[in-house]
Amino acid sequence: MKKSLTLLFFLLPLLLRAELPPSAYESMQSKAPELVQIEVLRVDVEPGEKENDQKVLVVAMVNEVTRSASGLKPNDIVNISYTVTEHPKGWVGPGQVPVLAEKDKCPAFLIKSETGDYAPAAGRMSFSTF
């Protein structure tokens, strides 16, 4: 019994960082308050607070609105802010939110933050669908 608890103690951090199943991302997408189609106008990437973090700011135009709790409309300009962390090779965990590129056109599952910017609401699947 003691060996089992010790093993669980060492494996638990690995289990907590495991990639999420598709159903988890589908659930996050369905609960996202904002679902819009965007066109990326600008992407700014700068160093984050930690050595392996990057702060990403995406400026995008809303092309279509499927749902919007904040009242987004076509042709609105939105700022989407998030952090990407570079992990060492072999690291296991949830996938990173991708860094978009200028002129990308994609769905965006978002949530409005307290600062007025938006943030990805569905992890690595915030800018794509299944």
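You'll find the structure just up there.
Bear in mind the structure is a predicted one, so any value in this text is a computation, not a measurement.

Undergrad: Just give me the short version of the nonpolar core, but keep the residues and values in it.
TA: With 20 residues, the main nonpolar core has Ile-38, Val-58, Ile-80, Tyr-82, Leu-100 and Phe-127 as its most contacted residues. Contributions of two or more residues to this core are made by strand S1 (34-47), strand S2 (53-68), strand S3 (77-85) and strand S4 (105-112). Not counting the four nearest positions on each side in its chain, Phe-127 is found in contact with Ile-38, Ile-80, Tyr-82, Val-97, Pro-98, Leu-100, Cys-106, Pro-107, Ala-108, Leu-110 and Pro-120.

Undergrad: Lay out unusual backbone geometry with the relevant residues and their values.
TA: Phi at Asn-75 is positive, roughly 80°, even though this residue is not glycine. You can see Asn-75 is positioned in the loop between S2 and S3. A positive phi angle, near 80°, is found at Lys-103, a position not held by glycine. Locating Lys-103 in the fold gives a position in the loop between S3 and S4.

Undergrad: Help me get a handle on the pattern of salt bridges, residues and values and all.
TA: Applying the stated criterion to the full structure yields two salt bridges. Here Glu-46 ties to Lys-55 by a salt bridge, and the two come within 3.5 Å at their closest N and O atoms. Judged by its relative accessible area of 43%, Glu-46 falls in the partly exposed class.

Undergrad: So what's going on with the packing of aromatic side chains? Residues and values would help.
TA: Two aromatic rings are characterised by how far apart their centres lie and by the angle between their planes. Inspection of every chain in the model, using the stated rule, returns one aromatic pair. Taking the centre distance of 6.1 Å and the plane angle of 40° together, the rings of Tyr-82 and Phe-127 count as tilted. Linking Tyr-82 in strand S3 with Phe-127 in the segment after strand S5 (118-120), this pair joins segments that are 45 residues apart in sequence. We note that Tyr-82, like Phe-127, is buried.

Undergrad: How would you sum up the environment of Leu-72? Please name residues and give values.
TA: By the secondary structure assignment, Leu-72 is in the loop between S2 and S3. Dropping the residues within four chain positions of it, Leu-72 is found in contact with Glu-34, Val-36, Val-62, Val-65, Val-78 and Tyr-118.

Undergrad: Please give an account of the pairing of S2 that cites residues and values.
TA: Note that S1 and S2 share 13 bridges and pair antiparallel. Considered in S2, the bridge of Pro-47 is made with Gln-54. From the end of S1 to the start of S2, which pair antiparallel, there are five residues. Note: S2 against S3, nine bridges, orientation antiparallel. Note that in S3 the partner of Gln-54 across the bridge is Val-84.

Undergrad: Residues and numbers for the side chain of Gln-29, please.
TA: Secondary-structure assignment places Gln-29 in helix H2 (residues 22-31). Judged by its relative accessible area of 7%, Gln-29 falls in the buried class. Leave out the neighbours within four places in its chain, and Gln-29 touches Arg-67, Phe-109, Ala-122, Met-125, Ser-128, Thr-129 and Phe-130.

Criteria and thresholds
Residues numbered from 1 in each chain as written. Predicted model: local features only at pLDDT ≥ 70, side-chain atom pairs only at ≥ 80, totals over all residues. Heavy atoms only, no water. Core = buried A, V, L, I, M, F, W, Y, C linked by side-chain atoms within 4.5 Å. Buried < 20%, exposed > 50% of the residue type's maximum accessible area, 1.4 Å probe, protein only. Helix = DSSP H or I, 4+ residues; strand = E, 2+ residues; numbered from the N terminus. Contact = heavy atoms within 4.5 Å. Salt bridge = Lys/Arg side-chain N within 4 Å of Asp/Glu carboxyl O. Phe/Tyr/Trp six-rings, centres within 6.5 Å; stacked < 30°, edge-to-face > 60°. Pairing = 2+ DSSP bridges.

Don't take any of this as a statement about function, it's just geometry.
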